Amino acid sequence: MVRTLGRSDAAHEILEELPEWFGIDRFTHEYVDAAARFPNYVAVAEPESREPGTSPADAATPPSSRADGGAIPADDVLGVLLLDQRYPTSAEVHLLAVRRKHHRAGIGRTLMARVEDDLRAQGVRLLSVKTLGPSAYDPGFDQTRAFYSACGFHPVEEFPDLWADEPCLLMVKAL
Ligand SMILES: CC(C)(COP(=O)(O)OP(=O)(O)OC[C@H]1O[C@@H](n2cnc3c(N)ncnc32)[C@H](O)[C@@H]1OP(=O)(O)O)[C@@H](O)C(=O)NCCC(=O)NCCS
């Protein structure tokens, strides 16, 4: 897990792999722009899990101890979480996405745990996320909500009109 800035390249690659969740160009561009502005937490492939034939920028240094997350090849980024902190005591998960072939391997949970540790250390008390609400039929987002529930988030309210075309569910977790 690496905390870095400006990994729009990695965010873009991962979102393109997940059209069921991020199939609308307008939103993908918004997230890619956000990756340039918000703190990025990225899950990085350890050497043994890299694709054969790919060469890391600095194979001698474990990814987790590289100071400059910007130097990690986008291919080595397995998942990304963008954090939006507007107030001193609360923060929002703006984007979380894991490469499809690495789903259900604990990467999402581990990214979340790292973010939560950092936020607690700063005195942040509440973490929120907005996701597609259950009144829209979408099996992919049923799984997404199951993930957030497993991470300790609670549904608060579904807002039918906050987003242009889809219901938005606010979920929160006390840190
Ligand atoms: C949602 C997402 C980030 C979860 O990341 P992940 O690395 O696959 O999830 P983890 O392996 O850390 O799962 C942690 C727990 O969440 C729950 N969970 C995760 N995926 C689930 C699924 N498909 N169905 C039901 N529960 C699930 C489980 O309880 C799981 O623990 P377990 O595997 O020990 O049972 C990832 O699947 C993803 O990128 N999905 C598409 C994009 C997306 O939905 N992003 C969020 C948009 S708001």
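All values reported here derive from a predicted model rather than from experimental measurement.

A. Structural view of the site of the ligand. As a matter of local geometry, the ligand sits amid 19 residues, with L96, R104, G106, G108 and T144 nearest to it. With respect to the ligand, the side chain of T144 contributes an N or O atom lying 2.6 Å from an oxygen atom. The protein chains hide 79% of the 920 Å² of surface that the ligand would expose on its own. Within the residue set of the shell around the ligand, elements represented by two or more residues are α2 (19–22), β4 (90–98), α4 (107–121) and α5 (139–150). Per-element tally for the shell around the ligand: the top contributor is α5, with six residues. Of the residues contributing to the shell around the ligand, the split by class is eleven nonpolar, six polar and two charged.

B. Quick peek at the pattern of salt bridges. Under the definition given, this model contains eleven salt bridges. A salt bridge links R99 to E13; its shortest N-O distance comes to 2.7 Å. Highlighted residues: R99 in the loop between β4 and α4 and E13 in helix α1 (residues 8–16), separated in sequence by 86 residues. According to the relative accessible area criterion, E13 is partly exposed, its value standing at 31%. E92 is paired through a salt bridge with K130; the nearest N and O atoms lie 2.8 Å apart. Taken together, the residues E92 in strand β4 and K130 in strand β5 (residues 126–132) connect sequence positions 38 residues apart.

C. Representation of the pairing of strand β7 (residues 168–174). Counting buried positions along β7 yields six of seven residues, so the element is predominantly enclosed. Of the strand pairs in this sheet, strand β6 (residues 154–159) and β7 are connected by five bridges, and their pairing is antiparallel. Its bridge partner lying in β7, P155 is registered against M171.

Reading guide: rules and limits
- Residues numbered from 1 in each chain as written.
- Predicted model: local features only at pLDDT ≥ 70, side-chain atom pairs only at ≥ 80, totals over all residues.
- Heavy atoms only, no water.
- Near = heavy atom within 4 Å.
- Polar contact = N/O pair within 3.5 Å; in protein donor to acceptor, adjacent residues only side chain to side chain.
- Areas by Shrake-Rupley, 256 points an atom, 1.4 Å probe, with all protein chains shown as cover.
- Helix = DSSP H or I, 4+ residues; strand = E, 2+ residues; numbered from the N terminus.
- Nonpolar A, V, L, I, M, F, W, Y, C, P; charged D, E, K, R; others polar.
- Salt bridge = Lys/Arg side-chain N within 4 Å of Asp/Glu carboxyl O.
- Buried < 20%, exposed > 50% of the residue type's maximum accessible area, 1.4 Å probe, protein only.
- Pairing = 2+ DSSP bridges.

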